[in-house]
Amino acid sequence: MDACLSIPEILPLLCDGLEAKDLLSTALSCQAFLEPALDKLWYHVKSFRPLIACLPEDLVELRTKIVSEKIWRTTSTTVVLRRPIRSADLNRYQTQYARRIRIFESGRERVALVLPSEVFRGLQSATDPLLGVLTPLATKLIWRSSQNPSAFPYLHLFLGQHVAKIHFDVTSRVPDAMTTIRWASNHVHRFCLRLCLSLSLDRRLGAYIRLIPWENLQELELSVGMITVVAILPLMSAPRLVKLTVMLDGNSLRPSPPSPDHFPHNVVSSLRYLEISTDHPDTAMIALEYLPERNQLQSLTCTFFDGDESPSDAHRLFDLINSKCNAQTFSHLYLRGCPGDRDRDDFVTDISALLPLSGLTHVEILLPTLRVELTPEQAATIPSAWPRIESLTLNVTRRGGPICTARPRIDHTHLITILRGCANLRVLGVHFDATSVGVEAAKQPNRGPGAEETRGKEGGDVEQLSSGLEQLMVSDLPILSPPQMAAFLTAYTPVLKKLVCFPPHVPDVDTTKYRQRWDDVASRIGVSIEHCRH
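Residues numbered from 1 in each chain as written. Predicted model: local features only at pLDDT ≥ 70, side-chain atom pairs only at ≥ 80, totals over all residues. Heavy atoms only, no water.

**Some thoughts on the overall build of the chain**
Of the regular secondary structure elements, the chain holds 16 helices and 23 strands. Evaluated residue by residue, the chain yields a buried proportion of 50% over its 534 residues. A sequence separation of at least 24 residues applies to 77% of the contacts in the chain between residues at least 6 apart. Surface accessibility of the chain: about 25600 Å² in total, with carbon and sulfur atoms responsible for 52%. (Helix = DSSP H or I, 4+ residues; strand = E, 2+ residues; numbered from the N terminus. Buried < 20%, exposed > 50% of the residue type's maximum accessible area, 1.4 Å probe, protein only. Contact = heavy atoms within 4.5 Å. Areas by Shrake-Rupley, 256 points an atom, 1.4 Å probe, with all protein chains shown as cover.)

Take a look at the structure:
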């Protein structure tokens, strides 16, 4: 055993899978485990608490108080100095632990440990005037304002030469926070910023945006306080911004989309991931108009809160996405809405405008107030239009939406066309007429694209479908015969692992039979099943 422990690569691997409490026991169990266990234990420090714990007992006092009792009791602990901090007080921390830290967070605890400014001033006066003196080998910092806003002016104590990425999370009024952020941006190549301001600060959000140092900013999240659409312009053309998450105010609509003069011809957007949350598609469309024509966008997520989207809204949005996105790079599209009151079963939302985006691998359109279905022509076109498609979900759930009474426009034969032609497809959720699955449909697949010819045990030719589908969402599809549906899925989805079912959303109607039929199907083919609630 001692010979095994002498191999330096073995011990870190053993410690990697342990929790914090187990690492403490491991570090004390054997001298050989001490250093690897401490390295793992201090690799990611999530608050100032470990630093304070290393200080002498006669130096600090922890005072706990109740902050709130409105819903549940919330407490916080404040660090109080009994005397000035001396250099010798930090010897234990700096010599034994500081150089082990690679990721440091300024506070992520249920019971907050609050350090007043006087504590940070004491730490600064007791250490050498070097950047990152308290975390000299850290490579990533996560700086939050929620628990220790007074830590912002003292970021230099933790930002050393090895820091490659900083994540700022500003959720409250912090004096000079943007000054600290601008200073830090000059010392790292990558930093992320999350502005989650209270409603009282919404009016100042525009000023915050103008102060953001764009040169090295790679991720930006603007939450809670909605910003105006006009303020989206500098965000869309930031030089190194890769991911933007933004909540837009629909009341600030411009009367007309931006003109080409907004963007010089040489502007190339660096955005790869764009997430927009707003009340109505109109706001999202105006924001997308600000996306430079030369872009490499890979993923677009739009979430709408009103639940009042119309087919014309969706068609205009599809057209805009087609015109703005590069078919060679755009691969992920997620459009999500909220329940609405109006029943639009008679109006079908056409997704044809999205078919030219040949690089799509993931398409999810969940707009409960719309009827989003495939036509037979679209089902036949998808294999050639989206040859790399891996996940396709079109309104498989109508949570809170209108009851769908119309028969789906495609049946199982069109589903077979998609399965045969899309070799990479792993997740599928589309409306199709499952009642058409009968004895003939459940027989061995007919010869066609995607079918392979193999030799059976008796020497006859048997064709098998090479579909790799692993998850099928069946929405509120009724079936006539569980045995026939099970035979159909066995024949055409040989590696299926999971069924996801959404019972019909009909008030005061028992859907037990629906659940039992699909449970029977899952049991017959040996896959798991999940029944999702509306």
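**Notes on the packing of helix α13 (residues 376-385) against helix α14 (residues 412-421)**
In contact at an axis separation of 8 Å, α13 and α14 are set at 10° when each is read in the N-to-C sense. Classed by the angle they form, the pair α13 and α14 counts as roughly parallel. Judged by residue contacts, Pro376, Ala379, Ala380 and Pro383 of α13 engage His414, Thr417, Ile418 and Gly421 from α14. A class-by-class count of the residues in the contact of α13 with α14 yields five nonpolar, three polar and no charged. (Axes fitted to C-alpha atoms, helices over the stretch in contact; angles between N-to-C directions. Parallel < 35°, antiparallel > 145°, perpendicular 65-115°, else oblique. Nonpolar A, V, L, I, M, F, W, Y, C, P; charged D, E, K, R; others polar.)

**Let's talk about the confidence of the model for the chain**
In this model, the chain carries an average pLDDT of 81, and 78% of its residues clear a pLDDT of 70 or more. For residues 198-202, every residue scores under 50 in pLDDT, and the model assigns this stretch five contacts once sequence neighbours within four places are set aside. In the predicted structure, residues 446-463 sits below a pLDDT of 50 and forms 30 contacts with residues beyond four places in sequence or in another chain. (pLDDT = per-residue confidence, 0-100.)

**Some words on helix α8 (residues 177-185)**
Residues of α8 that are buried: Ala177, Met178, Thr180, Ile181, Ala184 and Ser185. Projection of α8 onto a plane perpendicular to its axis shows the buried side chains occupying an angular sector of 155°, all on one side. (Arc of directions from axis to C-beta.)

**A closer look at the layout of surface pockets**
Of the voids in this model, the largest pocket is the one considered here, and its volume is about 380 Å³. Lining the largest pocket are 13 residues, and of these Ala20, Leu41, His44, Val45 and Lys46 lie nearest its centre. Put simply, the parts of the chain that give the lining of the largest pocket at least two residues each are α3 (20-29), α4 (31-41) and β1 (44-45). Split into classes, the residues belonging to the lining of the largest pocket amount to seven nonpolar, two polar and four charged. (1 Å grid on protein atoms, 1.4 Å probe; cavity = no way out; pocket = protein on both sides within 12 Å on 5 of 7 lines; lining within 4 Å. Points joined across faces, edges and corners; volume = space filled by probe spheres on them.)

**Remarks on the environment of serine 391**
Counting through the fold element by element, serine 391 comes out in strand β17 (residues 391-394). Serine 391 sits 30 residues away from threonine 361 along the chain, and the two C-alpha atoms are 6.4 Å apart. Look past the residues within four positions of serine 391 in its chain and what remains in contact with it is Thr361, His362, Val363, Leu425 and Val427.

**Quick notes on the packing of aromatic side chains**
A complete count under the given rule lists 12 aromatic pairs for this structure. For the ring pair phenylalanine 48 and phenylalanine 120, a centre distance of 5.3 Å and an interplane angle of 75° mean the geometry is edge-to-face. On the criterion of sequence distance, the pair formed by phenylalanine 48 in the loop between β1 and α5 (49-53) and phenylalanine 120 in helix α7 (residues 117-126) is long-range, its members being 72 residues apart. The pair formed by phenylalanine 48 and phenylalanine 120 is uniform in burial state, with each residue classed as buried. A centroid spacing of 5.3 Å and a plane angle of 50° characterise the contact between tryptophan 143 and phenylalanine 158, whose relative ring orientation is tilted. (Phe/Tyr/Trp six-rings, centres within 6.5 Å; stacked < 30°, edge-to-face > 60°.)

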